[in-house]
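Examination of the molecular architecture
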Amino acid sequence: TYGPRDRYEAAENFLRQCYKELGREGDVESRLKEVWTSIGRQNHYVHTTAELEHGAKMAWRNSNRCIGRYFWDSLHVLDRRGIDTAQGVYNALIEHIDFATNDGNIRPTISVFPPAVRGNQQVRIWNHQLLRYAGYETENGVIGDPNSVALTDYCRSRGWSSQRTDFDILPLVIQVGDKTPELFEIPDDVVMEVPLSHPNYQWFSDLGLQWYAVPIISDMRLEIGGLQYPAAPFNGWYMGTEIGSRNFGDVDRYDMLPTVADQLGLDTSTDRTLWKDEALAVLNQAVLHSFEKQGVRIVDHHNAAEQFKRFEQEEREAGRKVTGERSWLLPPNASSTVHIFENTYENEIRTPNFFYREDPPP
Ligand code: HEM
Ligand SMILES: N/C(=N/c1cccc(CO[C@@H]2CCNC2)c1)c1cccs1
């Protein structure tokens, strides 16, 4: 926790950099006096709209694990600091999903709910992502997404019922203060999903695979200038490998490689035939083809790496060191085919930034 002096220091560091980047250095001294007084009185201060918006963009720019940072300055910031009821948060989250989806022309967006203030009730969203599929443990294995089994069990313990398919969208679980979390279904008409097909293999669509269009991370904490925002869901668009290689390729997720390899007629008796590598490529081709066919924005890992290279150049031109976590920046397959493979990056953690929240889900 922060005492007044180091909270002021965090605020001062942020405000000086923020106002400099916004070309408003003339305003910063008077702003710092206000903030000093506020922290002296209440050990807290309130961000202006401009500070919140630029702070959120800086947090994205400082996200060392993110390959998508080239677009950091185009983030849409929805200021939801006036909302502190579960129903109000639900309404704002539906607006976020709709605004961000934008009929497939996805808009990178963040909704910022009230900051953590001692003595105030905190808003907390228990979902990892606003849109995610449920997971059901059965004696014959898992139906749906194994990563969602814990939250699905919790929702079922709260009376949530579902069709128990591989693709049931979970309800939103919203907690205010220490009250019992409230569950809210997401209306079908705001959830855009993409059925997967392959340009060359007609059998691929018979696998019945689909994925939601917009990834919206809702379990990270946004820190700006010493203030914590425990509920600040943010979305971009997908990089194809996230769905093709990880969500469908991982053994402890949808584990589709053996099925795809069998349909391709590959020899899966030994890894040496590289059947996994071949099946991964086909899965990734299907994801990119299907999203593009439906007009939903997505980036392939080669193009994403090219954009990241431009981000590196722009940051150097801005006089800022590029920080990154190489193992996360590298795509999970074909990574030696992107420039990141030849580079190393300093993993210095700067703020503003996004952090994992400490508290465990229910
Ligand atoms: C615009 C398109 C974007 C793309 C293609 C993209 C791509 C990615 C990818 C592939 C990862 C690694 C995820 C994983 O391996 O599970 C990642 C991580 C991350 N991205 Fe981005 N991103 C985008 C936008 C954003 C935005 C808008 C934000 C926040 C405002 C953001 C913040 C982050 C953070 C904080 C992480 C690390 C998450 C963790 O530590 O678990 N990204 N991004
Ligand atoms: N494309 C994306 N991918 C991710 C970005 C951040 C996190 C994640 C999921 O992270 C999980 C935890 C570790 N891997 C899976 C995915 C985005 C989501 C929200 C904005 S961009």
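Residues numbered from 1 in each chain as written. Chains lettered and ligands numbered in written order. Predicted model: local features only at pLDDT ≥ 70, side-chain atom pairs only at ≥ 80, totals over all residues. Heavy atoms only, no water.

Turning our eyes to something else, we now look at the coordination of the iron atom of ligand 1. Coordination of the iron atom of ligand 1 by the protein comes from a single atom, Cys 66 (SG), at 2.4 Å. Note that Cys 66 resides in the loop between α3 (49-61) and β1 (76-79). (Donors = N, O, S within 2.8 Å, 3.2 Å for Na, K, Ca; no water. Helix = DSSP H or I, 4+ residues; strand = E, 2+ residues; numbered from the N terminus.)

Our next topic: the site of ligand 2. In the neighbourhood of ligand 2, the contacting residues comprise His 128, Pro 215, Ile 217, Phe 234, Asn 235, Gly 236, Trp 237, Tyr 238, Glu 242 and Trp 328. The contact in question runs from a nitrogen atom of ligand 2 to an N or O atom on the backbone of Trp 237, over 2.9 Å. Contact between ligand 2 and Glu 242: a nitrogen atom at 2.6 Å from a side-chain N or O atom of the residue. With the chains in place, 64% of the 490 Å² that ligand 2 exposes on its own is no longer accessible. Grouping the amino acids of the shell around ligand 2 by side-chain chemistry returns six nonpolar, three polar and one charged. (Near = heavy atom within 4 Å. Polar contact = N/O pair within 3.5 Å; in protein donor to acceptor, adjacent residues only side chain to side chain. Areas by Shrake-Rupley, 256 points an atom, 1.4 Å probe, with all protein chains shown as cover. Nonpolar A, V, L, I, M, F, W, Y, C, P; charged D, E, K, R; others polar.)

Attention shifts here to the sheet that holds strand β3 (residues 123-125). Taken in spatial order, the three strands make up an open sheet running β3-β6-β7, and their pairing is antiparallel. Two strands bound the open sheet, and with one partner strand each, they are β3 and β7 (182-184). Shown here is a sheet whose adjacent strand axes are inclined to one another by a mean of 25°, direction ignored. Sheet strands in contact with helix α4 (residues 86-101) are β3, β6 (172-176) and β7, and its direction is about 140° off that of β6. (Pairing = 2+ DSSP bridges. Axes fitted to C-alpha atoms, helices over the stretch in contact; angles between N-to-C directions. Contact = heavy atoms within 4.5 Å.)

Our next topic: the packing of aromatic side chains. For the structure shown, the criterion picks out 18 aromatic pairs. Members of the aromatic cluster, joined through ring pairs, are Tyr 133, Phe 167, Trp 211, Tyr 212, Tyr 238, Phe 248 and Tyr 254. The residue whose ring lies beneath Arg 61 is Trp 72, and the NZ or CZ to ring-centre distance is 4.7 Å. A cation over an aromatic ring shows up here: Arg 326 above the ring of Phe 341, its NZ or CZ 5.5 Å from the ring centre. (Phe/Tyr/Trp six-rings, centres within 6.5 Å; stacked < 30°, edge-to-face > 60°. Lys NZ or Arg CZ within 6 Å of the ring centre and 35° of its normal.)

These values are about where atoms sit, not about what they do.
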